[in-house]
Amino acid sequence: MNFMLAAGVVFALGDYLGLTCPTYASCWLAGFLLGTVSSIACFFLEKTNKKFLYSCFLTILMAGALLGAKANEPLPSFWLKLRQQPGWLSGEIVPGSVHLGSRQGWSFLLKEKRTGKCLKIAVRNWPREKTVPEYGSVQAFCQISSLESFANPGVPDREFYGKVQNIWGKGAVEAVDLNILPTERPWEHYVLSVHKRIKTLLTQTMSKADGAVLKGMVLGGTEDITADTLENFSTVGITHLLAVSGTHVAVLTSAMLKVLSLLGTNVYYANFCTALILLAYGLLCGFKPSVWRAVLMAWFYLGGNVGGNKGDKGAIIGAALLVLLMFKPWWLFAIGFQLSFLATAGLIFLLPKVQEELKKYLPPWLATGIAIPVAAQLPMLPLLFYYFHRLSLVSLLANILVVPLLSFVLVLTMFGLGISFLWTFAGKLFLIGAAQLLGLAVGLIEILAKLPLAALNIGPWPLGFIVAFYILF
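Colleague: Which residues make up the state of the cysteines, and what values go with them?
Modeller: Overall, the coordinates contain 0 disulfides when judged by the stated rule. In this structure Cys27 is not part of a disulfide, and its nearest cysteine sulfur, from Cys21, lies 10 Å away. No disulfide involves Cys273; its sulfur sits 19 Å from the nearest other cysteine sulfur, which is in Cys285. Given the relative accessible area of 32%, Cys273 is considered partly exposed.

Below is the structure:
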């Protein structure tokens with residue numbers, strides 16, 4: 001294990017300690033200072049690197065714990081008072097968080113001014129003639145409460161996972177007690193405008209069902225996809241294609257580099273343009289944990305291309321893990337974050353070995369087609385059981401038959417959307433072609449999902465089983 005990969009893992013462990021034991025913040029600070037002093041002393045006094053490395057890892061561990069404890073620090077006193085009686089809160093509407101309800105109601109996320117933490121605010125009795133704002137500065141007179149939920153077995157703790165999304169409570173406010181002050185249009189609003197235009201293009205070009213699936217594949221989200229389609233994707237084990245992740249970023253990166261290479265662009269500009277496209281794509285998708293992970297790793301890869309050095313893949317995943325948790329400690333508990341890193345680790349460390357073994361018995365193309373899903377899903381199995389309680393028995397077949405077709409559909413869709421901003425008619429032709437191929441893919445998925453024993457429902461896994469799996473693995 002190289003230093004950067006080890007550093008990322010150690011920092012994640014420290015982050016876990018800090019988030020779960022925030023009351024020991026003074027201990028984490030003392031450990032951080034001790035590790036720093038020890039690292040400096042070992043660097044100048046020791047002739048060997050072993051003690052220096054141990055000191056560095058102690059410093060990194062304590063730094064992760066310190067940042068984790070900071071991210072989970074107790075709520076300020078004025079928040080606690082607002083749980084007892086109503087009072088004034090001020091902050092900003094989080095762009096893209098506004099949802100219209102029924103009976104003159106709507107809701108939004110309020111980013112509180114002093115803490116930066118968010119609250120889910122429900123607005124009641126909003127006048128029909130009054131436009132619901134999409135952004136602005138807010139003053140609300142309300143009482144807040146925690147994000148409580150029923151503790152049924154297998155149901156995630158709503159309050160805990162609210163913190164992962166930076167939502168620390170909820171409140172309800174009457175329209176007369178809500179003051180919204182006009183502000184300059186935030187940059188996120190322009191991104192949301194492009195997001196809406198993409199959805200409109202997909203809706204106008206194809207059927208509602210196909211458009212919903214392609215919206216999920218390109219931008220993430222399953223809100224408009226029918227329950228039957230979602231169930232079929234889940235049964236065959238490829239639901240990850242409906243949540244933007246490494247697959248999407250990898251497809252976009254390789255397609256962009258190939259197109260720019262055919263156009264004769266030099267390596268520097270090709271990689272620079274691809275990095276900008278990835279940034280724009282990440283913004284459109286809302287920069288969820290799995291998207292950030294994929295974009296960061298792609299940037300590190302592209303930076304290596306420019307310097308003529310591909311870079312160590314283990315170091316790249318370690319650097320991405322460390323950087324993301326430095327800025328978003330709570331993402332350690334995000335399901336997409338965990339599964340994304342495990343799948344990537346499997347592709348980096350397991351894939352070559354699995355390919356080598358399968359090529360002894362199978363043709364190279366088939367060995368590769370089987371090795372990729374096996375290497376990606378094997379490290380994820382315990383968490384898939386833990387979170388979703390389901391094992392797809394046709395996942396391997398779906399990855400061989402359907403995923404390559406859906407990857408091509410994804411490329412056609414992205415290409416068509418990009419051209420649509422310059423030449424709408426030509427872009428729509430690509431989108432129509434993508435819709436036709438998507439229909440074929442969805443048909444194959446439906447056939448696979450109806451096979452006998454396509455998926456098995458599994459009871460919740462105890463945490464001890466998960467730990468034992470990884471130790472044996």
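Colleague: So, the pairing of strand S4 (residues 118-124): which residues are in play, and what are the values?
Modeller: Regular strands place their side chains on alternate faces of the sheet. Pairing between strand S3 (residues 106-112) and S4: 6 bridges, direction antiparallel. If you follow Leu109 over to S4, its bridge partner there is Lys120. Between S3 and S4, which pair antiparallel one after the other, the connecting turn spans 5 residues, and Gly116 there sits at a positive phi close to 80°. Pairing geometry for S4 and strand S6 (residues 167-174), over 6 bridges, is parallel. Within S6, the position partnered with Cys118 by the bridge is Ile167.

Colleague: Go over the environment of Asn166 with me, naming the residues and quoting the values.
Modeller: Note that Asn166 resides in the loop between helix H5 (158-164) and S6. Here Asn166 falls in the partly exposed class, since its relative accessible area comes to 28%. Residues Asn166 and Ala6, spaced 160 residues apart in sequence, show a C-alpha to C-alpha distance of 28 Å.

Colleague: Any details on a nonpolar patch on the surface? Residues and values, ideally.
Modeller: Judged by side-chain polarity, Val194, Phe421, Leu422, Trp423, Phe425, Leu429 and Ile432 come together as a nonpolar surface patch covering roughly 760 Å² of accessible area. Broken down by element, the nonpolar patch gets its largest block of residues, 3 residues, from helix H18 (residues 424-449). Here Ile432 shows up in helix H18. Looking at Ile432, the relative accessible area reads 38%, which means it is partly exposed.

Colleague: Now, about the packing of helix H6 (residues 187-205) against H18: what can you tell me, with residues and values included?
Modeller: At a closest axis distance of 10 Å, the pairing of H6 and H18 adopts a crossing angle of 65°. Here H6 lies roughly perpendicular to H18, going by the angle between them. Classified by chirality, the crossing of H18 by H6 is right-handed. Residue-level inspection shows Leu201, Leu202, Gln204 and Thr205 of H6 in contact with H18, the latter providing Thr424, Lys428, Leu431 and Ile432. For the contact of H6 with H18, the per-class residue count stands at 4 nonpolar, 3 polar and 1 charged.

Colleague: So what's going on with helix H1 (residues 3-20)? Which residues, and what values?
Modeller: When the terminal C-alpha atoms of H1 are compared, their 26 Å separation across 18 residues agrees well with the 26 Å that a helix rising 1.5 Å per residue should span. Listed in full, the buried residues belonging to H1 are Leu5, Ala6, Ala7, Gly8, Phe11, Ala12, Gly14, Asp15, Gly18 and Leu19. Summarising the contacts, the buried residues of H1 are in contact with helix H2 (25-45), helix H3 (50-71), helix H12 (313-327) and helix H13 (335-358). Regarding H1, its N-cap is Asn2, as a side-chain oxygen of that residue lies 3.3 Å from the backbone nitrogen of Met4 further along.

Colleague: Give me the lowdown on the side chain of Ser107, citing residues and values where you can.
Modeller: With respect to the helices and strands, Ser107 occurs in strand S3. Contacts of Ser107, omitting those with residues within four sequence positions, involve Ser97, Val98, His99, Lys120, Ile121 and Ala122.

Colleague: With reference to specific residues and values, describe the nonpolar core.
Modeller: Counting residues in hydrophobic clusters, the biggest one holds 55 residues, and the most contacted among them are Met217, Val236, Ile238 and Leu406. Within the second largest apolar cluster, 47 residues are counted, among which are Trp106, Val123, Ala175 and Leu296.

Colleague: Can you lay out helix H7 (residues 208-219) for me, pointing to particular residues and giving the numbers?
Modeller: The first and last C-alpha atoms of H7 sit 16 Å apart over 12 residues, in line with the 16 Å expected at 1.5 Å per residue. The element H7 is largely enclosed, with a buried count of 10 among its 12 residues. Listing the buried residues of H7 in full gives Asp210, Gly211, Ala212, Val213, Leu214, Lys215, Gly216, Met217, Val218 and Leu219. One or two steps after H7, the chain reaches Gly220, where phi turns positive at roughly 85°.

Colleague: So what's going on with unusual backbone geometry? Which residues, and what values?
Modeller: Positive phi, close to 55°, is recorded for His389, a residue that is not glycine. Locating His389 in the fold gives a position in the loop between helix H15 (381-388) and strand S8 (390-392). Positive phi, close to 55°, is recorded for Leu453, a residue that is not glycine. Residue position: Leu453 is located in the loop between H18 and strand S9 (455-457).

Calculation notes
- Residues numbered from 1 in each chain as written.
- Predicted model: local features only at pLDDT ≥ 70, side-chain atom pairs only at ≥ 80, totals over all residues.
- Heavy atoms only, no water.
- Disulfide = S-S within 2.5 Å.
- Buried < 20%, exposed > 50% of the residue type's maximum accessible area, 1.4 Å probe, protein only.
- Pairing = 2+ DSSP bridges.
- Helix = DSSP H or I, 4+ residues; strand = E, 2+ residues; numbered from the N terminus.
- Patch = residues over 30% accessible without salt bridge, like charges linked within 9 Å, V, L, I, M, F, W, Y side chains within 5 Å.
- Areas by Shrake-Rupley, 256 points an atom, 1.4 Å probe, with all protein chains shown as cover.
- Salt bridge = Lys/Arg side-chain N within 4 Å of Asp/Glu carboxyl O.
- Axes fitted to C-alpha atoms, helices over the stretch in contact; angles between N-to-C directions.
- Parallel < 35°, antiparallel > 145°, perpendicular 65-115°, else oblique.
- Left-handed = near helix turned anticlockwise from the far one by under 90°.
- Contact = heavy atoms within 4.5 Å.
- Nonpolar A, V, L, I, M, F, W, Y, C, P; charged D, E, K, R; others polar.
- Expected span 1.5 Å × (residues − 1).
- Polar contact = N/O pair within 3.5 Å; in protein donor to acceptor, adjacent residues only side chain to side chain.
- Core = buried A, V, L, I, M, F, W, Y, C linked by side-chain atoms within 4.5 Å.

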